[in-house]
Amino acid sequence: MAWNKKHLLDIQSLGADEIVTVLDTARAFKAVGERAIKKVPALRGKTVVNLFVEPSTRTRISFELAAQRLTADVVNFTAEASSLKKGETLKDTARNLEALNADFIVMRHSASGAPHFLSRFLRSSVINAGDGAHEHPTQALLDAFTIREKRGKIQGLNVTILGDILYSRVARSNIWALTKLGARVTLCGPATLVPRVFEKMGCRVTYNVEEAIADADVINLLRIQHERQRKTMFPSIGEYTSLFGLTKARLALTKPDALIMHPGPINRGVEIDSEIADSARSVILDQVTNGLAVRMAVLFLINGGQGPQGVTA
Ligand code: CP
């Protein structure tokens, strides 16, 4: 199936069929990644610029690898060493990248809506790699891919997202993706970080962590987004851990096959006990591995690739 999208700006504007096409295409690319020759020529002659104006490890490196596996040329823009530091605007920066024939601009920015803004005037395709507290669409796609890979389906599963929901772009993108795919989403965390307004997105909100995790098939933990919080949202990290951290005692209350997920970076001993992060129940590193296949699929489909059947060796 053709995707017919020039940009990937958010999950909110995608249909369930479009999300499923990404997941199916990513599955084909994951199989390519398990072969001796992992590269395909789908983006030969194309240029991908990673325009990251906020720090990243997983997203930036997996987009770089994804572009390389698709035989594109890749340029990594480092904000700290760029002319942004001399006062050049984001718009001028992006237009200069386009003048250098960037076909794709993969962008992370602290301002919600920054990728949408660029997409209004650029001929290049814009891919949102995280904008403020708004959305992180490829994270939600790789999370959905991982759930479907491990559990065989998403429809009907109970997914609990636990932590700082208010400031989390991962939470918003996951809520959109999972509800569109038929999961029941529960949000839990301190009341200051989980406002009841999220119920309007079709989620259950609870402040009782034991209730939130008891029937969960998937528990997705989020770190506290200190960089986006304008004031202290709870008394102390210690109190947060004692009330909402996934400890071994709390893990014992969950279904024995509940998946433990986290988008990373993890804060060991805060939102997740270190041993749980490293346990067989954790799929945190599977999420990272799957991010490569998902980002290959996104680049491929935006470039006009015809869904999983179009993936060639
Ligand atoms: N999950 C995630 O976005 O990680 P990075 O900030 O390292 O890209």
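All values derive from a computational prediction rather than experimental measurement.

As for the sheet that holds strand β2 (residues 73-78)
At step 1: Taken in spatial order, the four strands make up an open sheet running β2-β1-β3-β4, and their pairing is parallel. Strands with a single pairing partner mark the edges of an open sheet, and in this sheet they are β2 and β4 (125-131). Each adjacent strand pair in this sheet contributes to an overall mean axis angle of 15 degrees, direction not counted.
At step 2: Relative to β2, strand β1 (residues 47-52) runs parallel, the two being bridged by six bridges. Looking at β2, one finds that Phe 52 is bridged to Thr 78.

Topic: the packing of helix α1 (residues 16-33) against helix α11 (residues 284-302)
At step 1: Relative orientation of the contacting elements α1 and α11 amounts to 115 degrees, with a least axis distance of 8 Å. When the axes of α1 and α11 are compared, the crossing they make is right-handed. For the pair α1 and α11, the contacting residues are Thr 21, Val 22, Thr 25, Ala 26, Phe 29 and Lys 30 in the first and Asn 290, Ala 293, Val 294, Met 296, Ala 297, Val 298, Phe 300 and Leu 301 in the second.

Considering the domain arrangement of the protein
At step 1: Segmentation of the protein into domains returns domain 1 (16-135 + 288-310) and domain 2 (137-284).
At step 2: Counting from both sides, the interface comprises 27 residues of domain 1 and, opposite them, 26 residues of domain 2.
At step 3: The largest share of the area that domain 1 buries against domain 2 comes from Ile 19, Leu 23 and Glu 135, three residues that together contribute 27% of it.
At step 4: Between domain 1 and domain 2 we count three salt bridges in total.
At step 5: Here Arg 148 and Asp 24 are joined by a salt bridge, their closest N and O atoms 2.9 Å apart.
At step 6: Counting across the domain 1 and domain 2 interface gives 10 residue pairs in polar contact (both at pLDDT 80 or more).
At step 7: Per element, the largest residue contribution to the side of domain 1 that touches domain 2 is nine residues, and it comes from α1.
At step 8: Here the side of domain 1 that touches domain 2 is composed, by residue class, of 11 nonpolar, seven polar and nine charged.

Parameters at a glance
Residues numbered from 1 in each chain as written. Predicted model: local features only at pLDDT ≥ 70, side-chain atom pairs only at ≥ 80, totals over all residues. Heavy atoms only, no water. Pairing = 2+ DSSP bridges. Helix = DSSP H or I, 4+ residues; strand = E, 2+ residues; numbered from the N terminus. Axes fitted to C-alpha atoms, helices over the stretch in contact; angles between N-to-C directions. Left-handed = near helix turned anticlockwise from the far one by under 90°. Contact = heavy atoms within 4.5 Å. Domains from an automatic or database assignment. Buried area = accessible area lost by both parts, 1.4 Å probe. Salt bridge = Lys/Arg side-chain N within 4 Å of Asp/Glu carboxyl O. Polar contact = N/O pair within 3.5 Å; in protein donor to acceptor, adjacent residues only side chain to side chain. Nonpolar A, V, L, I, M, F, W, Y, C, P; charged D, E, K, R; others polar.

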